[in-house]
Amino acid sequence: MTTAALFDVLVIGSGAAGLATALAAAPRRVAVLTPGPVPALDGASRWAQGGIAAALAADDSPQLHAEDTLAAGAGLSDPEAVARLTAAAPELIAWLQTLGARFDRAGVALTLGREAAHRRARIVHAQGDATGAEVMRALSVAAATRSHLTLVTRRSAYALARDDGGRVVGVWAQGPDGSELWRARAVVLASGGYAGLYRYTTNPSGSDGSGIALALAAGAMLADLEFVQFHPTALAPRDGAHGQLPLLTEALRGAGAVLLDARGKRFMPVLHADAELAPRDVVARAVWREAHRGGAWLDARAAVGAGFPQRFPTVFAACMARGLDPRMQAIPVVPAAHYCMGGVRIDGAGATSLPGLYAVGEAARSGVHGANRLASNSLLEGLAHGRALGAALASQSLPGPGAALPASRFWHPLSAALRARLGDLLWRDAAVQRSGDGLVRAEAVLTQLAAETPAASSGHDVLALTAAMLAAMRARHRSIGAHFRVDAMVVPERSRAAIC
Ligand code: SIN
């Protein structure tokens, strides 16, 4: 075991939330640990096609944006957290531009797109459908030039280091030469969510909940784990494939693309007044049902047609790589696990229930998203909260360095075979729709997987997080937002807040 230098702030994860935190924490000495060989490529941020929601239009306001966010959250969001976030959004866009982010424009003005459940056009994009990649490019370039910030690659955090008073004083990570202790006065989890555990997901494999799992193992409070958002339109996999699927951005439906069933008929207009732009959970369930009946297709021929390569270059490239030309044919789609509303519970200052530990982005449960996240609020949340947390850590006094007790766990990730079995069980029993019986069945399989995994290991901690997810899904008997129980009454929209 080696011990690295002491930093003021240690950030676990180099996605949008992590880099925003690290940049804003100057002049504190900050280290950012990331598992892969290239910073900023590990997390889900760079895959985000849809953009960043911000009330910038003359007919819009942070208040309207907040109302849409609260409606999507189905009454379970924290209104104060939502108001703070939507108020911060316009200035966040300006900050990203000062860092060099290039967003799409019509003349001098930013182009504002519309996505499901937004009552105004307020989505800022880059290169049509490559917003995450552009934001990560700008943040990475900035991070590489800041002398307060050290980017450390090939480091997988597997346990929180704590002192004898229970304070988090660093992180244990697996590096190229074995186990290392990274010490810090403040530790920030920016490690992303757990949607990548599902058999079909829009997330990279690194979105495996491992950061949340190490917080759980140390006793941090988690919340809202049952709320996993499924994107309605991922490119349908080839037979037998699993893991990350290319996303067909919701902006396509915003541009007029329609969903078709196996007979070539639209199925959304009879299900919801907003048809293809109904709330994401409603569309995801409809696509799930059609996918099980014979298939579902996204047809952008009339709405986008020949302009596809220019307007949606990322989606176009993904479809063409599969031999599908979206200018000429409808594209087969399935829902896929996309975003986790739940995570490590934080307060308005980003602090978790463990002293010394903070969380931002998808690893955190801030209360903004409630039972369902509004489209394009996730990059916004990660960036705005990261920036605010970094600035707070820069200005407040940090405690002295604590002495770390020995690690209570060891590095032993889930094998590929075990991970595939986990993905299958989640997909079958804990995905777009759930039932009490299915969740009990999933728990039994999970117990078997846990028996095949060494106790007190990082892989075991991910299974413990999965067990907490299943328990949360089982405990919530009624359907609300992204949590849909086929064995429960559907709660009418207006009474949702009263029930939970
Ligand atoms: C999309 O482009 O459809 C995804 C946007 C989001 O999840 O916020």
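Residues numbered from 1 in each chain as written. Predicted model: local features only at pLDDT ≥ 70, side-chain atom pairs only at ≥ 80, totals over all residues. Heavy atoms only, no water.

Chemist: Teacher, can you tell me more about the site of the ligand here?
Modeler: Neighbouring residues of the ligand: Gln-49, Gly-50, His-231, Leu-247, Thr-249, Glu-250, Arg-280, His-338, Arg-373, Ala-375 and Ser-376. At a separation of 2.7 Å, an oxygen atom of the ligand approaches a polar side-chain atom of His-338. One nitrogen or oxygen atom from the main chain of Ser-376 is found 2.6 Å from an oxygen atom belonging to the ligand. Taken by itself the ligand offers 260 Å² of open surface, and the protein chains cover 95% of this. Split into classes, the residues belonging to the shell around the ligand amount to two nonpolar, six polar and three charged. (Near = heavy atom within 4 Å. Polar contact = N/O pair within 3.5 Å; in protein donor to acceptor, adjacent residues only side chain to side chain. Areas by Shrake-Rupley, 256 points an atom, 1.4 Å probe, with all protein chains shown as cover. Nonpolar A, V, L, I, M, F, W, Y, C, P; charged D, E, K, R; others polar.)

Chemist: I would appreciate a short explanation of helix 12 (residues 436-451) in the present structure.
Modeler: Along an α-helix, residues three or four apart share an orientation, since each turn contains 3.6 residues. The terminal C-alpha atoms of helix 12, which comprises 16 residues, lie 23 Å apart, in line with the 22 Å expected from a rise of 1.5 Å per residue. Every buried residue belonging to helix 12 is among Gly-436, Gly-438, Leu-439, Ala-442, Glu-443, Leu-446 and Leu-449, and all of these are buried. Seen end-on, helix 12 carries its buried residues on one side only, within an arc spanning 145°. Across from the buried face of helix 12, at angles greater than 90 degrees, the exposed residues are Asp-437, Ala-444, Thr-447 and Ala-451. (Helix = DSSP H or I, 4+ residues; strand = E, 2+ residues; numbered from the N terminus. Expected span 1.5 Å × (residues − 1). Buried < 20%, exposed > 50% of the residue type's maximum accessible area, 1.4 Å probe, protein only. Arc of directions from axis to C-beta.)

Chemist: How do you make sense of the side chain of Asp-224 when you look at a structure like this?
Modeler: Along the chain, Asp-224 falls in the loop between strand 13 (222-223) and strand 14 (228-235). Looking at Asp-224, the relative accessible area reads 15%, which means it is buried. Once residues lying within four places of it in the same chain are set aside, the contact partners of Asp-224 are Tyr-194, Met-341, Gly-342, Arg-365 and Gly-370. (Contact = heavy atoms within 4.5 Å.)

Chemist: What is the right way to look at the packing of helix 12 against helix 13 (residues 458-475) in this model?
Modeler: Packed helix pairs are characterised by how far apart their axes lie and by the angle those axes make with each other. Packing of helix 12 against helix 13 leaves a shortest axis separation of 10 Å and a crossing angle of 165°. Comparing their axes, helix 13 and helix 12 come out roughly antiparallel. Every pair of crossing elements has a handedness; the one defined by helix 12 and helix 13 is left-handed. Between helix 12, through Gly-436, Leu-439, Val-440, Ala-442, Glu-443, Leu-446, Leu-449 and Ala-450, and helix 13, the contact on the second element is made entirely by His-460, Leu-463, Thr-466, Ala-467, Leu-470, Ala-471, Met-473 and Arg-474. A breakdown of the residues in the contact of helix 12 with helix 13 according to their chemical character gives eleven nonpolar, three polar and two charged. (Axes fitted to C-alpha atoms, helices over the stretch in contact; angles between N-to-C directions. Parallel < 35°, antiparallel > 145°, perpendicular 65-115°, else oblique. Left-handed = near helix turned anticlockwise from the far one by under 90°.)

Chemist: When you look at unusual backbone geometry in this model, what are you seeing that I'm missing?
Modeler: Comment: phi is negative for the bulk of residues other than glycine, and the bulk of peptide bonds are trans. A cis amide bond links Ala-26 with the next residue in sequence, Pro-27, at an omega value of 10°. Its place among the elements puts Pro-27 in the loop between helix 1 (16-24) and strand 2 (30-33). With phi around 60°, Ala-74 is a residue other than glycine that occupies positive phi space. Note that Ala-74 resides in the loop between helix 2 (62-72) and helix 3 (79-98).

Chemist: Could you clarify how one ought to interpret the packing of aromatic side chains in this entry?
Modeler: Geometrically, a pair of aromatic rings is defined through the distance of the ring centres and the angle of the planes. Inspection of every chain in the model, using the stated rule, returns eight aromatic pairs. The interplanar angle of 85° and the centroid separation of 5.0 Å between the aromatic rings of Tyr-200 and Trp-427 together place this pair among those described as edge-to-face. With Tyr-200 in strand 12 (residues 200-201) and Trp-427 in helix 11 (residues 416-429), this residue pair connects regions lying 227 residues apart in the sequence. An identical accessibility class is assigned to Tyr-200 and Trp-427; each is buried. Put simply, the rings of Tyr-198, Tyr-200, Phe-230, Trp-288 and Trp-427 touch in pairs and so form one group of aromatic residues. (Phe/Tyr/Trp six-rings, centres within 6.5 Å; stacked < 30°, edge-to-face > 60°.)

Chemist: Would you explain the pattern of salt bridges in this entry?
Modeler: Once the charged atoms of two side chains with opposite charge are near each other, the side chains can pair. Summed over the entire model, instances satisfying the criterion amount to 26 salt bridges. Measuring nitrogen to oxygen at the nearest pair gives 2.8 Å for the salt bridge that ties Arg-137 to Glu-134. Residue Arg-137 and its partner Glu-134 are located together in helix 4 (residues 131-144), separated by three residues, close to a single helical turn. (Salt bridge = Lys/Arg side-chain N within 4 Å of Asp/Glu carboxyl O.)

Chemist: Hey, could you run me through empty space enclosed by the protein in this one?
Modeler: Over the atoms rolls a probe the size of a water molecule, and in doing so it shows where empty space is left. Per the stated rule, a full pass over the model turns up two cavities of 30 Å³ or more. Approximately 70 Å³ is the volume found for the largest cavity. Forming the walls of the largest cavity are Val-228, Gln-229, Phe-230, Arg-280, Asp-281, Ala-284, Arg-285, Asn-372, Val-432 and Ala-482. Among the elements of the structure, strand 14 and helix 7 (280-293) are those that each provide at least two residues to the lining of the largest cavity. Take the lining of the largest cavity: its biggest share by element is four residues, from helix 7. When the residues that make up the lining of the largest cavity are grouped by side-chain class, the tally is five nonpolar, two polar and three charged. Here the second largest cavity defines a volume of roughly 40 Å³. If you go around the second largest cavity, the residues you meet are Leu-248, Leu-252, Leu-298, Ala-300, Phe-308, Val-315, Pro-326 and Ile-331. (1 Å grid on protein atoms, 1.4 Å probe; cavity = no way out; pocket = protein on both sides within 12 Å on 5 of 7 lines; lining within 4 Å. Points joined across faces, edges and corners; volume = space filled by probe spheres on them.)

Chemist: Explanation requested: the sheet that holds strand 13 in the structure shown.
Modeler: Strands belonging to one sheet form pairs held by backbone hydrogen bonds; the direction of such a pair is parallel or antiparallel. Read across the open sheet, the three strands follow the order 13-19-21; overall the sheet is mixed. Looking at the sheet topology across the chains shown, the edges are occupied by strand 13 and strand 21 (364-365). Note that strand 13 and strand 19 (residues 343-345) share two bridges and pair antiparallel. The residue bridging Ala-223 from the neighbouring strand is Gly-343, located in strand 19. (Pairing = 2+ DSSP bridges.)

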